[in-house]
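Residue-level listing of the chains:
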Amino acid sequence: MAPRATPPIDARIERVLQELRARFAQPVSLAEAARWAHLSPSRFRHLFADQVGASFRAYLLWLRINAAVEHAMAGATWTEAAHFAGFADSSHLSRTFRRMFGFVPVMLVRE
């Protein structure tokens, strides 16, 4: 039996994902993203979660955390990485990371 193909992502949501990846460190509201997709905020919220598998807010946080971790792994300090990704400071990054993953980001680095 052949595996079922995953349906392609809605073009409106793909457009929003591209914008979010380009602006991950900048604040973006759900209403603004809904305008990019030419949808009402309510319809956008439901379509985004259905297509992406995460809420809009959770996806934004994941993007920012991912950018911060990549920046830190490339040699930046955690404070520099936090600022790069749009967090107020390294403590804000750590709290958000711990809330999402259950441990602090410095545990990613082995001595």
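Residues numbered from 1 in each chain as written. Predicted model: local features only at pLDDT ≥ 70, side-chain atom pairs only at ≥ 80, totals over all residues. Heavy atoms only, no water.

A. Representation of the packing of aromatic side chains within the structure. Per the counting criterion, the structure on display carries eight aromatic pairs. Measuring from ring centre to ring centre gives 5.5 Å for F44 and F48, while their planes differ by 45°; the resulting arrangement is tilted. Taken as a pair, F44 and F48 lie in helix α3 (residues 41–52) at a separation of four residues, close to a single helical turn. An angle of 50° between the planes, with centres 4.8 Å apart, marks the rings of F97 and F101 as tilted. A residue pair is termed a helical-turn pair when its members lie 3 or 4 positions apart in one helix, as F97 and F101 do in helix α6 (residues 90–101) at four residues. A relative accessible area of 4% places F97 in the buried class. Ring-pair connections join several aromatic residues into one group, and the members of that group are F44, F48, F56, Y59 and W62. In this structure, R64 is placed above the aromatic ring of F87, and the distance from its NZ or CZ to the ring centre is 4.3 Å. (Phe/Tyr/Trp six-rings, centres within 6.5 Å; stacked < 30°, edge-to-face > 60°. Helix = DSSP H or I, 4+ residues; strand = E, 2+ residues; numbered from the N terminus. Buried < 20%, exposed > 50% of the residue type's maximum accessible area, 1.4 Å probe, protein only. Lys NZ or Arg CZ within 6 Å of the ring centre and 35° of its normal.)

B. Seen up close, the packing of helix α1 (residues 11–22) against helix α4 (residues 56–73). Contact pair α1 / α4: the axes reach a minimum separation of 10 Å and the direction vectors enclose 40°. With respect to α4, the element α1 is oriented oblique. For the element pair α1 and α4, the recorded crossing hand is right-handed. Only F56, Y59, L60 and L63 of α4 make contact with α1, whose side of the interface consists of L17, L20 and R21. (Axes fitted to C-alpha atoms, helices over the stretch in contact; angles between N-to-C directions. Parallel < 35°, antiparallel > 145°, perpendicular 65-115°, else oblique. Left-handed = near helix turned anticlockwise from the far one by under 90°. Contact = heavy atoms within 4.5 Å.)

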